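One-letter residues, chain by chain:
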Amino acid sequence: MASSSASLKRREQPMSREGDQLIVTPLGAGNEVGRSCVYMSFRGKTILFDCGINPAYSGMAALPYFDEIDPSTIDVLLITHFHLDHAASLPYFLEKTTFKGRVFMTHATKAIYKLLLTDYVKVSKVSVEDMLFDEHDINKSMDKIEVIDFHQTVEVNGIKFWCYTAGHVLGAAMFMVDIAGVRILYTGDYSREEDRHLRAAELPQFSPDICIIESTSGVQLHQSRHIREKRFTDVIHSTVAQGGRVLIPAFALGRAQELLLILDEYWANHPDLHNIPIYYASPLAKKCMAVYQTYILSMNDRIRNQFANSNPFVFKHISALNSIDDFRDVGPCVVMASPGGLQSGFSRQLFDIWCSDKRNACIIPGYMVEGTLAKTIINEPKEVTLMNGLTAPLNMQVHYISFSAHADYAQTSTFLKELMPPNIILVHGEANEMMRLKQKLFTEFPDGNTRIMNPKNCESVELYFNSEKMAKTIGRLAEKTPDVGDSVSGILVKKGFTYQIMAPDDLHVFSQLSTATVTQRITIPFSGAFGVITHRLGKIFESVDSSTDEETGLPALKVHERVTVKQESEKHISLQWSSDPISDMVSDSIVALVLNISREVPKIIVEEEVAVKSEEENGKKVEKVIYALLVSLFGDVKLGENGKLVITVDGNVAHLDKETGKVEGEHEGLKERVRVAFHRIQSAVKPIPLSAE
Amino acid sequence: MGTSVQVSPLCGVYNENPLSYLVSIDGFNFLLDCGWNDLFDPSLLEPLSRVASTVDAVLLSHPDTLHLGALPYAMKQLGLSAPVYATEPVHRLGLLTMYDQYLSRKQVSDFDLFTLDDIDSAFQNVIRLTFSQNYHLSGKGEGIVIAPHVAGHMLGGSIWKITKDGEEVVYAVDYNHRKERHLNGTVLQSFVRPAVLITDAYNALYTNQTQSHHRDTEFLDTISKHLEVGGNVLLPVDTAGRVLELLLILEQHWSQRAFSFPIYFLTYVSSSTIDYVKSFLEWMSDSISKSFETSRDNAFLLRHVTLLINKTDLDNAPPGPKVVLASMASLEAGFARDIFVEWANDPRNLVLFTETGQFGTLARMLQSAPPPKFVKVTMSKRVPLAGEELIAYEEEQNRLKREEALRASLVKEEETKASHGPDENSSEPMVVDTKTTHDVVGSHGPAYKDILIDGFVPPSSSAAPMFPFYDNTADWDEYGEVINPDDYVIKDEDMDRGAMHAGGDVDGRLDEATASLMLDTRPSKVISNELIVTVSCSLVKMDYEGRSDGRSIKSTIAHVSPLKLVLVHATAEATEHLKQHSLNSICPHVYAPKIEETVDVTSDLCAYKVQLSEKLMSNVIFKKLGDSEVAWVDSEVGKTGSEMRCLQPMGSAAAPHKPVLVGDLKMQDFKQFLSSKGVQVEFAGGGALRCGEYVTLRKVGPTGQKGGASGPQQILIEGPLCEDYYKIRDYLYSQFYLL
C-alpha cells in the first residue's frame, strides 16, 4: 500500500462505547443550593455550566469541587446569571486554575458581574488567606469573558450553543448546548412567570435530550403574583401605620429591583404614605441602576413601553442610603438592605436594633440559604444571637413572602411536559425537596420513558447516545449515486461534527483546505556518458523510456513514468519528479545509482541464485515479523493447522489464514480487528507494488 | 441535486436606485430589502407591485430609506403581507427613519403615499432577531433557516444567511469590513464557500479610501477651521444610520479639545433616536460594550451634542458658530434643506457632506465638480389656514360630511352617470390647477356644496365627489416639481419662520410621542416658493459612508469565494468591472441580472448522504488540520435497515490510490518555520524562497489569488544533491499531510 494510512500507529480502539458516553457531574449544587457548577463531557468536548460559591461559607470551602476535574480540559464555560451562587467563583477559576477555555455570559450579566463581585470582595471580611480572589483578578477576568446575546448561536470547537431568556433576574439565561446533535438544556435559575420588569422564561424551540433543571422550589406552589404583592404591601402598610419599622433584607440585585418597583408604585397610589420614607441601602444597587437602564431590551414589554416615557428605574418615593451613618432612625420607615441572609452588614445591623420591638416587622422576600440567620428566624425562635454575641428576644414580626423568581412545581412540571426531555437531571435544590420533586415528577411521567436523576456532588450521571455519524458525499465523487456493493473512496473531512467525503480534486472547492503537488528537481554532478546511466537504469527498473528534451535537445529518460532524468550539462544531470512516497524512493535509488557510477567502482554483478536465496530468506523474515506484530497486538497467537494462526483474546478465538488474509471466528469485533491488523501488517512488510494507479 | 435558487431584482441593479430583490428558494419567496429613495417615486416600485403578494418573507438589512423605505407603502398599497424579519435596531431605527421621512415630507407637501399609521402597522409585526440567531422558518418555509450577521455599515445592519439542506445563500450589501467607533466590522469573511453570494458592486470602482485617522483629522480640521472664522457647519445626515458614527467622532473630539461651539442634532426624532441607541449597546462595537461593562460609560450619553426636534429651537439658540447635523442627507426635504437655504450664501459657512447624495437629489447636484454657483430651490411650507380660508375649509369639511351621508343614497344615481362623469372629473381639476390652492378652496367651495345638496351632477360639480383627490392632485403636481431637480421654478421666499412653525413647536414638546405630532388635524395648507440660492458657502465631501471600498470588496469576495455570485446595486460600469474581475479570478459563475430578469443560481452540486458505519470509523485515523480533520477512506456501500446508504469497510484490499498532499503552504509562515529550525532563509526575487545556500523553493502556477479557489497549489523545490536538500524537503513535507 502506498498510502501512509498503512501506518501501524493507531488510536486506542475502545471496545466499549466510550465515544458515545455523556457524563454529567455536578461539582456543586448537587442535592444542595448554592455554588452551582455542573460539569458535562461528551465526545471529547467538555463544558462547565456556572461557577458559583456557597454564600454560607467562606474561603475554599465555598468553592465547588474543582479538584474533581482537570480545568485545562474544559472547552467552554457558560454562566447563566450574575448571582453569587452562579458566578462568584469565576475569577478564581479563571485566574487561579489551569483553565484555558472560553467563557460566555450575556451582556447584562457581565456588566453586573463586575460590580457585584467587586462589592463582594470589599464586603466579605475574611482573612487574607481565605480570600479566593481580589479586585485585580476580577478586572483581569473581565477581559476573558465573552458576551453572547439571547438566541445568538456560537460555535466553539464543534460545540454549538445559544441561550434563551430565563426570567430569574436581568440577563439570566438558559443555555442550550448541541454536541454532535445531542442537545442539553441547562436552565440555571429560571422563572416561567412574567413579573414587573422581566420576561418569563422562554420555551425552547427544540426538545433537548437532557434537561438539567433547577429544583429550588421543590414541590412548593407559589401564590399568584397579585396575592403576594398584596400581602407584601398590606404588611408594610399596617406596620408603618402603627408606627413600626419594616426591614426587608434582600440581596442587592435581582429581586430588590422588582420590590422597589412595587413599593414605588404603591406609594404613588397611596398619598397618605408619602411622609413615610423608603430607603434603599445599597450603593451597589445604585451603581447597577445604569445597567438596568441600558439593557431595557432584555426586559419585558411593560418596562420597554414605560421607558419610552420616563425611566421606571428612577424612583419617586425611594431614596438611597449610602451607609448606616446616614440613617436617622426617628420613626416609621421602610428599609431594604442587603445582605438577604442577614449574615452581616447593614441588614443585620438594623435587625439587631429592631428585633426586640414587636411593632416592627421583617419581611423575608426570597429564598434563604441554609445556615443563614434569615433561615433561622423563619421558624420564629424566642431568642436570637446578636452580632456582638449577646442574645436578644425576637419580638418583631417575621413574614416570609416569597418573591423568589424560581419556578415552582406547577411551572416546572408544565415546562418539562412541554419539552418532554428523555432525561431530567435535578440540581440546585435542597436534598429533601429534591427527593420529593423527583417522586412527584415520576408520577407525572409514568410511562417510564423519562429518566429522572438527582446526582450528589461529584456523582456522575452516565448516559449513552449512540448517534449515527452521517456524512455528505459531494462534488465529483457524488456524480453517480452508488449502489450497494460499490466502493466509495475519497477524502473524509471532519469539521466539528459534520462529515463530508469528497474527491481530492474537490478539496479546495468544498473546504478551506487545499491539496498541493510538490515538484522536486535535483541536480547531481555526473561527468560520465549519459548512455551509461541509460544502460544501468534499464537493468534495474522495469520501465525506462528514452526521449530527448525538446528545449535543449539533450537526452532524457523517464523512469517508471515518474522520474525524469535529464542531462543538464557536461557535468550535471537533473532529476525531476512529483513528490509522493514511491517516486521519492525511485528517485533515491536513481541518485544512489548515479553516485555509484560516478565513484567508478568496478561492480560485479550479483549472481542470480543469491537473489533467489534472498527471496526465500525474505519470505521467512516476513513470516516472523507478521507473527511478532500480531503477538504484540493480540498477545495470545498460536500456530494452528494448515498454517493458520489462532488468535485468542478474552476467550474469543479467531483463525487467520496467512495466505489469503481470511479470518474465521465467532466474535465479529475480534474478527474485524484481526482482519484489519493483518491487512495493515501485510501492507507494511510486503513489497510495495509500483503500479499504484 | 441541490436546492433550487432563483434571483430576480425588483429595483436597484445597474444603477444606484434603492435595493429590492426577490430570491426564491425551493419556491419560498424572500424579498431582500424593500427600499425607496428620497424622491419617493412610485414608479420605482412597479416591479415590486407585480410580485408583492407572492412574497413569503421580507428580510431587511439596514435601517435607512434605501433599504426599507418602501415597506409601509408596499404593505398598504401593493398587497405585501409577508412577515418581516430584522434585527431590533433595524426595526427601531428604521421606524424612526420613516417617521422622520414622513414628518419632513408632510411639512412641505401633501404627502399621501403613506401615513404614520401605515408606518406603525408595517413595523408592528416585524420579527426581531439577534445576530447569529438561527431562526427556523415553519410552514411553507419548513427547513429553511435564516440568520442575520453583523454587516458593519449601520447599527443593527445585517448580512443575511439563508440555509436550506446545508446550502447557503448569503445576501450581503453595504457591508464594512473596518471596525468603527460604534460598530464592529462585518463577519462576512467568516462565511466560506456559500452556494450563492448576492452582493453589491456599489464601491467596486472606488478604491481611494484614506486611512481612517487621517480622514478623521481632516474632517475635524475642516470643521474647526470654519467654526473659528465664525462660520456655521451643516452636516446633512441620515436619520439614524451613519449619523451615529459622526456624533461619536464629534463628541469625542469636543471632549478632547474642550470646544465650546455647540453641536446640534436636528431631526424630528433625534431625542427618541438617541434614547433608543443608548439601549442598543449590545449591538455595538466591542470597545463600546467593554467600556460600559467596566465603567458604565454609555458612549451615547452625549455631553456636547444638543438634541433638537424642531427648527425654532435652533433659531432661538444663541448666535455664533455652530455645528448642525440635520436630516435628510439628500437635502430633498427635512431640516437640512431649510438650513442649507439659509446658510448657503455666507462664504464663512460650510456644508459638509459625509455620503454621496442619492442620484438626482439636491445633495448630489451640490457634490458635482465643480459645484454649482447657483441652485434653484423650491421651498414649501405648511401654514395653518386663517380667515377666509379657514372658514372655507370648515365649510368644506361640513360639506364632505354631508356628502358622505348623501353618498350612500346617491350610489345608484352616480353609477348610472358613471360613463359621463369621469371625463369631466379629470379635466376639471386641470383647469383649476392654474390658480393657487387657497383660491380654489375659497371660491369653489360653496359652489360644490350647493350643488351636492341639490344632488345634481353638472359638469363643474361632478368634480365634487372627487374633491379630496383633486386637492391632492394639485399638490402632488407642485410636489412633483419640487422633487425634480431640473425643474426648479422661481418664486420668492418670505412666509417662513414663526407662523408656520407655531404648529410644529407645540407638537414638538410631545417629544417621545413624536408620532402624534402630525396627527394634528388643524387645517393647514402647503405654499411653495421658488428661489435661487447662491451657493457661496464651502462645500466639502468626505467619505463616512461606512462601506468597504473596491479593493476590500474584491478581497472579501475572493475570500468568501462563493460557488455562484450575483451582483446588484451599482452603476453599470461598476457592475461590469466587478463582474469581469470575479470571472477572472474568483468563480466562473457570476451573474448580474437586470430588473425583473430571473437568474437561476441553483447549484449544480451533486451530493448524497451516507451513514458512516461504526466499523468504518473505528479504522479511520484522522489528521488534524486547522479547524478540520481529514482522512482517506476506502469503503463500500452496504445496506442498512432504512433507505440510507451505509459506508462499510472494504471487503477486499482497496485499490491503491494516488497519494494526496493536503495542506496550505504559506511561504511567509514556512520561512518563519525554517528559520526557527536554524536554516538560513530569505526571499529571493520572483517569490522564490532561498533556503540555505543552494536550495530554492517557489510556488508555481497561477499566483496572486487568495482563497482556495485557484485549485491545488504547485510547489517547486530545487537544488543540488546535498544534505540540505533532503533536510529542507523533510521540513516541507512536515507542512503537509499525506493521504
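Each value, and the rule that gives it
- Residues numbered from 1 in each chain as written.
- Chains lettered and ligands numbered in written order.
- Predicted model: local features only at pLDDT ≥ 70, side-chain atom pairs only at ≥ 80, totals over all residues.
- Heavy atoms only, no water.
- Pairing = 2+ DSSP bridges.
- Helix = DSSP H or I, 4+ residues; strand = E, 2+ residues; numbered from the N terminus.
- Axes fitted to C-alpha atoms, helices over the stretch in contact; angles between N-to-C directions.
- Contact = heavy atoms within 4.5 Å.
- Buried < 20%, exposed > 50% of the residue type's maximum accessible area, 1.4 Å probe, protein only.
- Lys, Arg positive; Asp, Glu negative; His and termini not counted.
- Salt bridge = Lys/Arg side-chain N within 4 Å of Asp/Glu carboxyl O.
- Polar contact = N/O pair within 3.5 Å; in protein donor to acceptor, adjacent residues only side chain to side chain.
- pLDDT = per-residue confidence, 0-100.
- UniProt positions renumbered as here; feature names shortened; annotations may be inferred.
- Domains from an automatic or database assignment.
- Expected span 1.5 Å × (residues − 1).
- Buried area = accessible area lost by both parts, 1.4 Å probe.
- Nonpolar A, V, L, I, M, F, W, Y, C, P; charged D, E, K, R; others polar.

Novice: What am I meant to see in the sheet that holds strand β7 (residues 154–156) of chain A here?
Specialist: Backbone hydrogen bonds hold the strands of a sheet together, and the pairing may be parallel or antiparallel. Residues and elements named next belong to chain A. Pairing is mixed across the open sheet formed by seven strands, whose spatial order is β7-β8-β9-β10-β11-β20-β21. Each of the sheet's edge strands pairs with one partner strand only, and the pair in question is β7 and β21 (451–453). For this sheet, the mean inter-axis angle between neighbouring strands, taken without regard to orientation, is 20°. In this sheet, strand β10 (residues 182–186) lies alongside strand β9 (residues 173–179) in antiparallel orientation, the contact comprising five bridges. Along β10, the bridge assignment pairs Ile-179 with Val-182. Sheet strands touched by helix α12 (residues 431–444): β20 (423–427) and β21. Its angle to β20, the strand with the most contacts, is close to 160°.

Novice: In this structure, what is going on with the environment of A:Gln397? I would like to understand it.
Specialist: Residue and element names in this part refer to chain A. In this structure, Gln-397 sits in strand β19 (residues 397–400). The class for Gln-397 is partly exposed, based on a relative accessible area of 33%. Expressed as a C-alpha distance, the spacing of Gln-397 and Gly-651, which sit 254 residues apart in the sequence, is 75 Å. Beyond its immediate sequence surroundings of up to four residues, Gln-397 is in contact with Lys-358, Arg-359, Asn-360, Ala-361 and Cys-362.

Novice: Hey, could you run me through the side chain of B:Asp38 in this one?
Specialist: Residues and elements named next belong to chain B. With respect to the helices, strands and loops of the structure, Asp-38 is situated in the loop between β3 (28–32) and α1 (46–51). The buried charged residue Asp-38 lacks any salt bridge partner; its closest oppositely charged side chain belongs to Arg-105, at an N-O distance of 4.7 Å. Separated by 2.4 Å, the side chains of Asp-38 and Ser-330 make a polar contact.

Novice: So what exactly am I meant to see when it comes to the confidence of the model for chain B here?
Specialist: Parts of the model with low pLDDT should not have their predicted coordinates read in detail. Residues and elements named next belong to chain B. This prediction gives chain B a mean pLDDT of 80; 81% of its residues lie at or above 70. Low pLDDT (under 50) marks residues 421–459, which in the prediction has 49 contacts with non-local residues, meaning those over four places away or in another chain. Confidence over residues 703–709 falls short of pLDDT 50; this stretch has eleven contacts with residues more than four positions distant or in other chains.

Novice: I'm lost on the UniProt feature "domain: Beta-Casp" (unreviewed entry) in chain B in this one. Help?
Specialist: This chain's UniProt record puts "domain: Beta-Casp" (unreviewed entry) on residues 243–366 of chain B. When the span residues 243–366 of chain B is considered, its composition is 44% helix and 13% strand, and the gap between its end C-alpha atoms is 20 Å.

Novice: How do you make sense of the domain arrangement of chain B when you look at a structure like this?
Specialist: For chain B, the assigned domains read domain 1 (5–207 + 543–593), domain 2 (212–373 + 535–541), domain 3 (611–649) and domain 4 (661–701 + 712–738). A straight line from the C-alpha centre of domain 1 of chain B to that of domain 4 of chain B covers 46 Å.

Novice: Any chance you could explain helix α15 (residues 581–599) of chain A here in plain terms?
Specialist: One turn of an α-helix holds 3.6 residues; hence residues three or four places apart share an orientation. Residues and elements named next belong to chain A. An ideal rise of 1.5 Å per residue puts 27 Å on 19 residues; α15 measures up with 27 Å between its terminal C-alpha atoms. By the burial criterion, the buried members of α15 are Ile-582, Ser-583, Asp-584, Val-586, Ser-587, Ile-590, Val-591, Leu-593, Val-594 and Ile-597. With a side-chain oxygen lying 3.0 Å from the backbone nitrogen of Ile-582, the N-terminal cap of α15 falls on Asp-580.

Novice: Got a minute to help me understand the interface of chain B and chain A in this structure?
Specialist: Note: interface size is frequently given as the accessible area lost on complex formation between the parts. Contacts between chain B and chain A engage 98 residues on the former and 96 residues on the latter. Summed over both sides, the interface between chain B and chain A buries roughly 8600 Å², with carbon and sulfur atoms accounting for 57% of that surface. Of all residues in chain B, the largest losses of buried area upon contact with chain A belong to B:Glu282, B:Glu293 and B:Tyr608, amounting jointly to 9% of the total for that side. The interface formed by chain B and chain A includes five salt bridges. For the pair chain B and chain A, the number of links is 29 residue pairs in polar contact (both at pLDDT 80 or more). With twelve residues, strand β25 (residues 628–639) of chain B is the single largest residue contributor to the side of chain B that touches chain A. Class assignment of the residues belonging to the side of chain B that touches chain A gives a composition of 49 nonpolar, 24 polar and 25 charged.

Novice: Help me understand the pattern of salt bridges, please; the structure alone is not making it clear to me.
Specialist: A pair can form between side chains of opposite charge whenever their charged atoms are brought close. Residue and element names in this part refer to chain A. All told, the structure shown has 53 salt bridges over all chains when counted by the stated rule. One salt bridge in this structure joins Arg-228 and Glu-193, with 2.8 Å as the shortest N-O distance. Of the two residues, Arg-228 is situated in helix α5 (residues 225–241) and Glu-193 in the loop between β10 and β11 (210–214); the sequence distance between them amounts to 35 residues. Using a relative accessible area of 4% as the deciding quantity, one classes Arg-228 as buried. Between Arg-562 and Asp-580 there is a salt bridge whose closest N-O contact spans 3.4 Å. Placement of the pair is Arg-562 in the loop between β28 (555–559) and β29 (563–567) and Asp-580 in the loop between β30 (572–578) and α15, with a sequence separation of 18 residues. You can call Arg-562 buried: its relative accessible area is 18%. Accessibility expressed as a relative area gives 14% for Asp-580, which makes it buried.

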